[in-house]
Every structure is written in C-alpha cells, then in structure tokens.
Amino acid sequence: MWRELRPIGRDASTGGYRRYAWTGADADCRSWFRAQAESRGLAYETDRNGNQWAWLGDPAQGDAVVTGSHLDSVPDGGAFDGPLGVVTSFAALDELRRRGVEFTRPLAVTNFGDEEGARFGLACVGSRLSAGQLTREKAYELRDADGISLPRAMEAAGYDPSAIGPDPERLARIGAFVELHVEQGRALDLSGDAVGIASAIWPHGRWRFDFAGEANHAGTTRLADRRDPMLTYAQTVLAARQEAELAGAVATFGKISVEPNGVNAIPSLVRGWLDSRAPDQATLDTVVAAVERAAQERAERDGVDLTVVQESFTPVIEFEHALRDELNKILGGAVPVLGTGAGHDAGILSTSVPTAMLFVRNPTGVSHSPAESADEDDCVAGVLALADVLEGLACR
C-alpha cells in the first residue's frame, strides 16, 4: 500500500506532497482508496460531501465502528500525516481477517476529504460539512488562490456539489470512530512508547490580518514618507512569537500574500494568516488579543490600516472518556495518554459521535514537512494496536 501511494502528488524537487482537495493528485488518492476497498470485498460509497467509505457489514444496522483518516496534504507535506491512518485501517482489517474473528457490529474504513484545508483555507471541510459545523452557504463561499470556488472544483472533479451539507443520518449509524495518526510531536519518543492514546485537542483557530498601506517606489520614496504595511506585518510576527512564548501557547504566521508583490515596490497590502493554539481557551484568547493589540499599535505608528478576520475556530476537544478508557483497557492499561495541538477529523466528529485517537511514535517530531517519518516497526505496532481496538469494539 505504501509503495502504491508513495508517488502520488509528490514533488520531485522538494520530496514533499501536494495532494490538494479536488485536484488530480486527490483523484488518484481516491482511486487508490476505492481499489483497496473493492479488492477486499468491501462495499464502497462516497457520501454527499465527498468523503469515501468502505463498509464491512450493513451500515443500516447502526452502532458501527469506523476507522480511517485522510489522504490530502499540506503544501510539501510528509507521507505519514493522514495516509498512515488510512493504510493502517486497511492493514488492521487484514489482520483481523487473518485472526478469523467474527464481527458483531458493522465496520467501515473512511477517507475524509480536504482535512488539511491547503486549497480553500479551511481545515476538515469534509467532516465539518457532515457534522453540520460548516453550512452549505459558507462552503459555497470558499475559494482557492486562483478564485475557484469549492463547488466549481468539485464539479471539475466529477462530483455534484448541490447535495453537500449536514449528514446526521450517516453519523447516527456510527457507534464509535477511532482515528490512528502519526504523532505530531515527540512525546512518545521521549517516553519510549510506540503507541499512545489521545486525551484532548487544544483549542485552535486561524485569523487573517490585512495590513493596508500605500504602494510607492522603493528607490525614490523617503523612509519618513512611507506607509509600509510590511513593517507592521514584520513587527506583528515578532509579537506573536513573544506572546505565545509568555503564555505557554503556540502562534505562527505561516502564510503571506503581498500586493503588488514587486521587488522595487513598497507594498500596498500585506495579508498574513495567524495560526494559534493553546492548552485552554483563556490562554488562546489572551494570546490572540495581545497579537491584535500589538498589530494595531504598530499600524497606527506606520500609518497602516488593519483588519482582522477570524476564518476558523475549533474549541478544546475532550475525547469521550469512556471510549478512551476502553481503548486503554483493550491495549493492556499501560498506554500513555497525551494531548495534542493538532486538529483532526476525530475532533470535529466528537460533537456528533464517540471518538478516540491512537498516535504512532514520530522519532523526530517533525510534521507538515517532507522530513516527517515513522519507523516501520512502530507502524506495525500501530496496525496491531488498531486491530486489537477494532476487535475489542466490533467483535464483542
């Protein structure tokens, strides 16, 4: 499975993956998923929001156990973020069949669409739509950097966007969702464990900062006469780092857009996107408010106009304790339980169905990068752990 997925959407120059929603690379990943489902005799379907499902048993029976993750990537992302969960799900099913277990509940493997939000700027679009956390109207307003709307992109990929929206009937059939994911950090490496269980997801969000100044000639405009939004932006980036460090949170300006974007032109507009996450809501609010305040103070000094727009937000997610404890019991009771600052489809679905997560050790902690890695032995440990969990949940 890894060999088949490895070349899809991989950039030859960076070694990273560019599997963006509703593109050719995404289509190839979807074809791979369908082929894996059909080769195992699973009933394949795509839901109204473009999420893929592979069913063992009748989903109408209800109380299904579902596992899976996503196959899309961030720009120049790694091989494991998302795909490890999907590959492991199919491998765990193979392991359960090898064991000869009898399933008492329906089982499904899923691939949620556009989890990373790399193309349209909003993470977890597929699961948000299904859970009713993203309305059809708001989804229709999403556009990529080229101005292409989400519905138009879906149509170009051969999907009907007219039906997108909440899918309560489907979610009502799910009794438990368990997502396996490569750890995006080094907690397991430091503890010496191959597999861990998630306790919670930090509250997190994305804010767009628009700094509007005045375009002018870079060689003839006196420094004193400039209204340069790049200066304001630069100071805001430094303020974000300082405020996050003081609060024990994280804050990142990882994306920027500049107009007119000329080497010899003072910018008229600098647009930067802030990603901030914290252990609790109060800390996150404090950090974002402090960054906005610092940006506004500098903007006034530079003669720049500032607008801040919250583009997405996810509150703290506490995974269901009963399911989390059941996973720990199935796995022997000595599995480390850890929180994470990364968002996941499991977090979105937690408002609608009982959810849990397993993490596989990442020896470097690097993620969202071509350098992302996981040792084969740890991946196999993840397969066996997920198989044990699925057997415990779906074969009792």
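Everything quoted here is computed from the prediction, not taken from an experiment. (Residues numbered from 1 in each chain as written. Predicted model: local features only at pLDDT ≥ 70, side-chain atom pairs only at ≥ 80, totals over all residues. Heavy atoms only, no water.)

Next up on the list: the overall build of the protein. On a plain count of helices and strands, the protein comes out with 13 helices and 15 strands. Taking 21 Å as the expected radius of gyration for a compact globule of 396 residues, we find that the protein reaches 22 Å, a close match to that expectation. Along the first, second and third principal axes, the C-alpha set of the protein runs to 80 × 45 × 40 Å. For the protein, the proportion of its 396 residues judged to be buried stands at 52%. Restricting the contact set of the protein to residue pairs at least 6 apart, pairs at least 24 apart contribute 76%. For the protein, the accessible surface area stands at approximately 16900 Å², while carbon and sulfur atoms represent 49% of it. The average position of the 38 basic charges and that of the 58 acidic charges among the side chains of the protein differ by 2 Å. (Helix = DSSP H or I, 4+ residues; strand = E, 2+ residues; numbered from the N terminus. Rg over C-alpha atoms; globule rule 2.2 N^0.38 Å. Buried < 20%, exposed > 50% of the residue type's maximum accessible area, 1.4 Å probe, protein only. Contact = heavy atoms within 4.5 Å. Areas by Shrake-Rupley, 256 points an atom, 1.4 Å probe, with all protein chains shown as cover. Lys, Arg positive; Asp, Glu negative; His and termini not counted. Charge placed at Lys NZ, Arg CZ, Asp CG, Glu CD.)

Here the focus is the sheet that holds strand 12 (residues 305-314). The four strands lie next to each other as 9-11-7-12, forming an open sheet whose pairing is antiparallel. Two strands in the sheet have a free side with no partner beyond their single neighbour: strand 9 (250-259) and strand 12. Each adjacent strand pair in this sheet contributes to an overall mean axis angle of 20°, direction not counted. The pairing of strand 7 (residues 204-212) with strand 12 spans nine bridges and is antiparallel. In the strand pairing of strand 12, Trp 207 is matched with Gln 310. Relative to the sheet, helix 9 (residues 229-247) contacts strand 7, strand 9 and strand 11 (269-277), its axis offset from that of strand 9 by approximately 170°. (Pairing = 2+ DSSP bridges. Axes fitted to C-alpha atoms, helices over the stretch in contact; angles between N-to-C directions.)

Within the secondary structure layout, Ser 73 lies in the loop between strand 3 (64-69) and helix 3 (83-99). Separated by 2.9 Å, the side chain of Ser 73 and the backbone nitrogen of Arg 19 make a polar contact. Ser 73 has contacts with Tyr 17, Arg 18, Arg 19, Tyr 20, Glu 116 and Ala 118, leaving out every residue within four places of it along the chain. (Polar contact = N/O pair within 3.5 Å; in protein donor to acceptor, adjacent residues only side chain to side chain.)

Our next topic: the packing of aromatic side chains. According to the stated counting rule, one finds twelve aromatic pairs in the structure shown. Measuring from centroid to centroid gives 6.4 Å for Phe 33 and Tyr 44, while their planes differ by 55°, and the two rings are tilted. Of this pair, Phe 33 sits in helix 2 (residues 24-39) while Tyr 44 sits in strand 1 (residues 43-46), placing them eleven residues apart in sequence. Here Phe 33 falls in the buried class, since its relative accessible area comes to 0%. Here Phe 211 and Tyr 233 contribute two aromatic rings whose centre-to-centre distance is 6.1 Å and whose plane-to-plane angle is 70°, an arrangement assigned as edge-to-face. Of this pair, Phe 211 sits in strand 7 while Tyr 233 sits in helix 9, and the two are 22 residues apart along the sequence. Neither Phe 211 nor Tyr 233 differs from the other in exposure class; each is buried. Following the ring pairs from residue to residue traces out a cluster consisting of Trp 32, Phe 33, Tyr 44 and Phe 90. A cation sits over an aromatic face here: Arg 30 above Tyr 159, 5.3 Å from the ring centre. (Phe/Tyr/Trp six-rings, centres within 6.5 Å; stacked < 30°, edge-to-face > 60°. Lys NZ or Arg CZ within 6 Å of the ring centre and 35° of its normal.)

Bringing the environment of Gly 113 into the picture now. Tracing the sequence through the fold places Gly 113 in the loop between strand 4 (107-111) and helix 4 (125-131). By relative accessible area, which is 6% here, Gly 113 ends up buried. Between the C-alpha atom of Gly 113 and that of Leu 150, which follows or precedes it by 37 residues, the distance is 12 Å. Contacts of Gly 113, omitting those with residues within four sequence positions, involve Arg 30, Asn 51, Val 125 and Gly 126.

Next up on the list: helix 9. Here helix 9 is 19 residues long and its end C-alpha atoms lie 27 Å apart, about the 27 Å a rise of 1.5 Å per residue gives. Those residues of helix 9 not exposed but buried are Pro 229, Thr 232, Tyr 233, Thr 236, Ala 239, Ala 240 and Ala 244. Buried residues of helix 9, viewed axially, fall in a sector of 125°; they line one side. In helix 9, those exposed residues whose orientation departs by more than 90 degrees from the buried face are Leu 238, Arg 241, Glu 245 and Leu 246. Looking at the buried side of helix 9, the elements it contacts are strand 7, strand 9, strand 11 and helix 10 (281-302). The N-capping residue of helix 9, defined by a side-chain oxygen 2.9 Å from the backbone nitrogen of Met 230, is Asp 228. Once helix 9 ends, the next one or two residues include Gly 248, with phi positive near 75°. (Expected span 1.5 Å × (residues − 1). Arc of directions from axis to C-beta.)

Of all nine residues making up strand 5 (residues 174-182), eight are buried, and the element is well covered by its neighbours. Note that strand 3 and strand 5 share four bridges and pair parallel. Its bridge partner being in strand 5, Ala 64 is matched across the sheet by Ile 174. In the sheet, strand 5 pairs with strand 15 (residues 355-360) via six bridges, with the strands oriented parallel. Within strand 15, the residue paired with Val 178 across the bridge is Ala 356.

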